[in-house]
Amino acid sequence: MSTAPLFLVDALPTGEEAVLDGPEGRHAATVKRLRRGEELVLADGRGGLAPAVVEAVTGRDTLAVRIVHRLRVDPPAPRVLLAQALVKGERGELAVELATEAGIDGVLPWRAARCVAKWEPGPRGDRALERWRGTVRAAAKQARRPWVPWVEEPLDTRALARRAAAADLALVLHEAAADGLADIAGQLPERGDVLLAVGPEGGVSDAELDELVAAGARAVRLGPEVLRASTAGTVALGAISALTSRWTHPI
């Protein structure tokens, strides 16, 4: 039996009866074609969940639902933030989509030195950022996630170094690093923030690596293969989740 589909709302309804309308109602009624008696879950994207049952389809974009109960899910620990270097074209959206499905908690778009995409301030950069945010929201729904990751404004390497200094553990993926993720398993915190930096297709420059390491980050490798910028973060997140309690977190 598949799990009930999840729909994001601004706030969970306070009563027993509720109406799901707008884009989410249209998706439920027209795309998913939910009907009376079928189950769904309303989520606020901040850990609040309300499993519900369809009472009636009242329009092409409107469902009347009955709330079964409410619950709140704490975020996974430790929290993992992905500093994803900007990747040209659909590969960037693929990177944040996969990372969201794998459980990333926040995304920091990184203007690394070797990025082809720049996301300069202005309408084009704003549209690119909104595409990432839309991709993350859709991926969180697909993965039935109670927490929707946030996507911050783009930051440069100097700002990323400050974030690395503030994190409980900061890691930079680098194919020439002496240590693998398994080698530092004992240093992964039980709680707090793990910052994971993934460079662009051209790699992290020596100057950037030096700056991040000086701020307290550690260079680590995933294995003998060199992964693409769009998949490295997801693979690393999977390893971190397996080495910590993130995947044993009840949902």
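Read on for an overview of the structure. (Residues numbered from 1 in each chain as written. Predicted model: local features only at pLDDT ≥ 70, side-chain atom pairs only at ≥ 80, totals over all residues. Heavy atoms only, no water.)

1. Here's the deal with the overall build of the chain
Piece 1. On a plain count of helices and strands, the chain comes out with six helices and 13 strands.
Piece 2. Against the compact-globule benchmark of 18 Å for 251 residues, the chain has a radius of gyration of 20 Å, which places it among compact chains.
Piece 3. Principal-axis analysis of the C-alpha atoms gives the chain an extent of 60 × 40 × 30 Å.
Piece 4. Looking at the 251 residues of the chain, the share that counts as buried comes to 49%.
Piece 5. Counted over contacts in the chain with a minimum sequence separation of 6, partners at least 24 positions apart contribute 75%.
Piece 6. As displayed, the chain offers around 12,600 Å² of accessible surface, 51% of which is attributable to carbon and sulfur atoms.
Piece 7. One finds the centroid of the 32 positive side-chain charges in the chain at a distance of 4 Å from the centroid of its 34 negative side-chain charges. (Helix = DSSP H or I, 4+ residues; strand = E, 2+ residues; numbered from the N terminus. Rg over C-alpha atoms; globule rule 2.2 N^0.38 Å. Buried < 20%, exposed > 50% of the residue type's maximum accessible area, 1.4 Å probe, protein only. Contact = heavy atoms within 4.5 Å. Areas by Shrake-Rupley, 256 points an atom, 1.4 Å probe, with all protein chains shown as cover. Lys, Arg positive; Asp, Glu negative; His and termini not counted. Charge placed at Lys NZ, Arg CZ, Asp CG, Glu CD.)

2. A few points about the sheet that holds strand E10 (residues 169–173)
Piece 1. Taken together, the seven strands give an open sheet; going across it, the order is E9-E8-E7-E12-E10-E13-E11, and neighbouring strands pair in parallel fashion. Looking at the sheet topology across the chains shown, the edges are occupied by strand E9 (150–151) and strand E11 (179–180).
Piece 2. One ladder, built from two bridges, connects strand E8 (residues 106–110) with E9; its direction is parallel. Note that in E9 the partner of valine 107 across the bridge is valine 151.
Piece 3. Sitting on the sheet, helix H4 (residues 157–166) is in contact with strand E7 (79–85), E8, E10 and strand E12 (193–198), with an inclination near 150 degrees to E12. (Pairing = 2+ DSSP bridges. Axes fitted to C-alpha atoms, helices over the stretch in contact; angles between N-to-C directions.)

3. Description of the pairing of strand E4 (residues 48–59)
Piece 1. In the sheet, strand E3 (residues 39–43) pairs with E4 via five bridges, with the strands oriented antiparallel. Of the residues in E4, the one forming a bridge with leucine 42 is alanine 50.
Piece 2. Connecting E3 to the antiparallel partner E4 that follows it, the hairpin turn spans four residues, and glycine 45 within it adopts a positive phi of roughly 75 degrees.
Piece 3. Taken together, the two bridges between E4 and strand E6 (residues 71–72) define a ladder with antiparallel strand orientation. Within E6, the position partnered with leucine 49 by the bridge is leucine 71.
Piece 4. The sheet contact formed by E4 and strand E5 (residues 62–67) spans six bridges and is antiparallel. Note that in E5 the partner of valine 57 across the bridge is leucine 63.
Piece 5. The turn linking E4 back onto E5 is made up of two residues.

4. Concerning the packing of helix H2 (residues 90–102) against helix H3 (residues 123–142)
Piece 1. Relative to each other, H2 and H3 sit at 30 degrees, their axes nearing to 8 Å. Put simply, H2 runs roughly parallel to H3. Between H2 and H3 the crossing geometry is right-handed. Counting all contacts with H2, which are made through Gly92, Glu93, Val96, Glu97, Thr100 and Glu101, the residues of H3 involved are Arg131, Trp132, Thr135, Val136, Ala139 and Ala140.
Piece 2. Of the residues belonging to the contact of H2 with H3, the class tally is five nonpolar, three polar and four charged. (Parallel < 35°, antiparallel > 145°, perpendicular 65-115°, else oblique. Left-handed = near helix turned anticlockwise from the far one by under 90°. Nonpolar A, V, L, I, M, F, W, Y, C, P; charged D, E, K, R; others polar.)

5. Overview of the pattern of salt bridges
Piece 1. A full pass over the atoms with the stated rule returns 13 salt bridges.
Piece 2. Arginine 66 serves as the salt-bridge partner of glutamate 55, at 3.5 Å between the closest nitrogen and oxygen. Of this pair, glutamate 55 sits in strand E4 while arginine 66 sits in strand E5; the two residues are 11 residues apart in sequence, bridging distant segments of the chain.
Piece 3. Accessibility expressed as a relative area gives 24% for glutamate 55, which makes it partly exposed.
Piece 4. Close ionic contact of arginine 218 with aspartate 179 constitutes a salt bridge, the shortest N to O distance being 2.5 Å. With a gap of 39 residues between them, arginine 218 in strand E13 (residues 218–221) and aspartate 179 in strand E11 connect regions that are remote in the sequence.
Piece 5. According to the relative accessible area criterion, arginine 218 is partly exposed, its value standing at 24%.
Piece 6. What makes aspartate 179 partly exposed here is its relative accessible area of 25%. (Salt bridge = Lys/Arg side-chain N within 4 Å of Asp/Glu carboxyl O.)

6. Observations regarding the side chain of aspartate 44
Piece 1. Looking at the element boundaries, aspartate 44 is found in the loop between E3 and E4.
Piece 2. Taking relative accessible area as the criterion, aspartate 44 reaches 13% and is therefore assigned buried.
Piece 3. Here the side chain of aspartate 44 touches arginine 46 through a polar contact of 2.8 Å, landing on its backbone nitrogen.
Piece 4. Within polar-contact distance, the side chain of aspartate 44 engages the backbone nitrogen of glycine 48 at 2.9 Å.
Piece 5. Apart from the residues lying within four places of it in its own chain, the contact partners of aspartate 44 are Val9, Asp10 and Leu12. (Polar contact = N/O pair within 3.5 Å; in protein donor to acceptor, adjacent residues only side chain to side chain.)

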